[in-house]
Amino acid sequence: DTVNMTELVEQAMPRILAELDPHSGYIRAKDAEASVESLKGSFSGIGVSFTKQNDTARIISVIKGGPSEKVGLLAGDRIVNVDGKDITAKEVKLGIQRMGEKKPLYYTITRGDIPVHSIEATYMLTPETGYVKIKSFSETTYPELLVALAELNQKGFKNLVIDLRENTGGIMQTAIQ
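Residues numbered from 1 in each chain as written. Predicted model: local features only at pLDDT ≥ 70, side-chain atom pairs only at ≥ 80, totals over all residues. Heavy atoms only, no water.

Undergrad: It is not clear to me how the overall build of the protein should be interpreted in this structure. Could you clarify?
TA: Secondary structure assignment for the protein yields five helices and 10 strands. Counting the 177 residues in the protein, one finds 26% classified as buried. When contacts within the protein are restricted to residue pairs at least 6 apart in sequence, those whose partners lie at least 24 apart make up 46%. Carbon and sulfur atoms provide 54% of the accessible area of the protein, an area that totals close to 12,300 Å². (Helix = DSSP H or I, 4+ residues; strand = E, 2+ residues; numbered from the N terminus. Buried < 20%, exposed > 50% of the residue type's maximum accessible area, 1.4 Å probe, protein only. Contact = heavy atoms within 4.5 Å. Areas by Shrake-Rupley, 256 points an atom, 1.4 Å probe, with all protein chains shown as cover.)

Have a look at this one:
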């Protein structure tokens, strides 16, 4: 008999990994790129989180360092139209309805890399204790941690709390670093 190796691997690997390690999982090759995108430290888009409301999209937040922040979009803005029908275009023209403005405001945004930071917070808990919250382990976590530690060092930290609550995991080598 012939054996479909791809199908065999796709069915066997999740079960094998479940027996070996409760913290690992198998990602099918076709799904790997989408899964890894959040671990790379950036993704491509216009840099907003939004929710669909009736016939428009309301911007919940503008990602710091992204293209939308650079052109001045704000949380609360509503996207009321997009230039053309092709939403995958490299450049988009957005019509924005902003509270206090009678007419839509128009912004042209070129899609670009959106930074995704894995360190969510860095501050001093007490005069001697620094705090760093790591939400995931991505390719950028280690350099981000070095920057956070330098910042805390300038504030004179002697103790350190690394908060991993709700950490979604990620790249094992980064976690080891």
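Undergrad: What is the right way to read a nonpolar patch on the surface from this model?
TA: Side chains of Val3, Met5, Leu8 and Val9 sit close together on the surface and give an oily, nonpolar patch of about 360 Å² of accessible area. Structurally, Val9 is set in helix H1 (residues 5-20). (Patch = residues over 30% accessible without salt bridge, like charges linked within 9 Å, V, L, I, M, F, W, Y side chains within 5 Å. Salt bridge = Lys/Arg side-chain N within 4 Å of Asp/Glu carboxyl O.)

Undergrad: What am I meant to see in H1 here?
TA: For an α-helix, 3.6 residues make a turn, and residues three or four places apart therefore share a direction. Here H1 spans 21 Å end to end across 16 residues, near enough to the 22 Å set by a 1.5 Å rise per residue. Capping the start of H1 is the job of one residue whose side-chain oxygen sits 3.2 Å from the backbone nitrogen of Thr6: Asn4. (Expected span 1.5 Å × (residues − 1). Polar contact = N/O pair within 3.5 Å; in protein donor to acceptor, adjacent residues only side chain to side chain.)

Undergrad: Quick question: what am I supposed to make of the pairing of strand E5 (residues 91-97) here?
TA: In summary, the side chains of a regular strand alternate between the two faces of the sheet. With five of seven residues buried, E5 lies mostly within the body of the structure. Summarising the sheet, strand E4 (residues 78-82) and E5 pair through four bridges and their orientation is antiparallel. Paired with Ile79 across the strands is Ile96, a residue of E5. (Pairing = 2+ DSSP bridges.)

Undergrad: How should I be thinking about the pattern of salt bridges in this particular structure?
TA: If charged atoms from side chains of opposite charge come close, those side chains can pair. Summed over the entire model, instances satisfying the criterion amount to three salt bridges. Glu151 is paired through a salt bridge with Lys155; the nearest N and O atoms lie 3.8 Å apart. For Asp163, the salt bridge goes to Arg165, with nearest N and O atoms at 2.7 Å. Looking at Asp163, the relative accessible area reads 5%, which means it is buried. On the basis of relative accessible area, Arg165 is assigned to the exposed category, the value being 59%.

Undergrad: Can you help me understand helix H4 (residues 141-154) in this one?
TA: In a regular helix each residue adds 1.5 Å, so 14 residues correspond to 20 Å; H4 covers 20 Å between its end C-alpha atoms and thus fits that length. Every buried residue of H4 is accounted for by Thr141, Glu144, Leu145, Ala148 and Leu152. Projection of H4 onto a plane perpendicular to its axis shows the buried side chains occupying an angular sector of 100°, all on one side. When the buried face of H4 is taken as reference, the exposed residues oriented beyond 90 degrees from it are Val147, Asn153 and Gln154. Backbone geometry just after H4 places Gly156 at a positive phi near 80°. (Arc of directions from axis to C-beta.)

Undergrad: Would you explain the environment of Leu105 in this entry?
TA: Looking at the secondary structure, you find Leu105 in strand E6 (residues 105-110). What makes Leu105 partly exposed here is its relative accessible area of 23%. Taking the C-alpha atoms as reference points, Leu105 and Gly95, 10 residues apart in sequence, are found 5.6 Å from one another.

Undergrad: Any chance you could explain the side chain of Ser118 here in plain terms?
TA: Within the secondary structure, Ser118 sits in the loop between strand E7 (112-115) and strand E8 (119-124). Owing to a relative accessible area of 1%, Ser118 belongs among the buried residues under this scheme. Only 2.7 Å separates the side chain of Ser118 from the side chain of Thr141, close enough to count as a polar contact. Setting aside residues no more than four positions away along its own chain, Ser118 makes contact with Lys133, Ile134, Lys135, Ser136, Ser138, Thr140, Thr141 and Glu144.

Undergrad: Help me understand the sheet that holds strand E9 (residues 129-134) in this model?
TA: Strands pair in a sheet through their backbones, by hydrogen bonds, and they do so in one of two ways: parallel or antiparallel. Spatially, E8-E9-E10 is the arrangement adopted by the three strands of the open sheet, whose pairing is mixed. Two strands lie at the open edges of the sheet, namely E8 and strand E10 (159-163), each paired on one side alone. Going from strand to strand, the sheet's axes swing by 10° on average, the running direction of each strand aside. For E8 and E9, the ladder comprises five bridges, and the chain directions are antiparallel. Pairing of Ile119 across the sheet is with Ile134, part of E9. Against the sheet, H4 touches E8, E9 and E10, its axis set at about 15° to E8. (Axes fitted to C-alpha atoms, helices over the stretch in contact; angles between N-to-C directions.)

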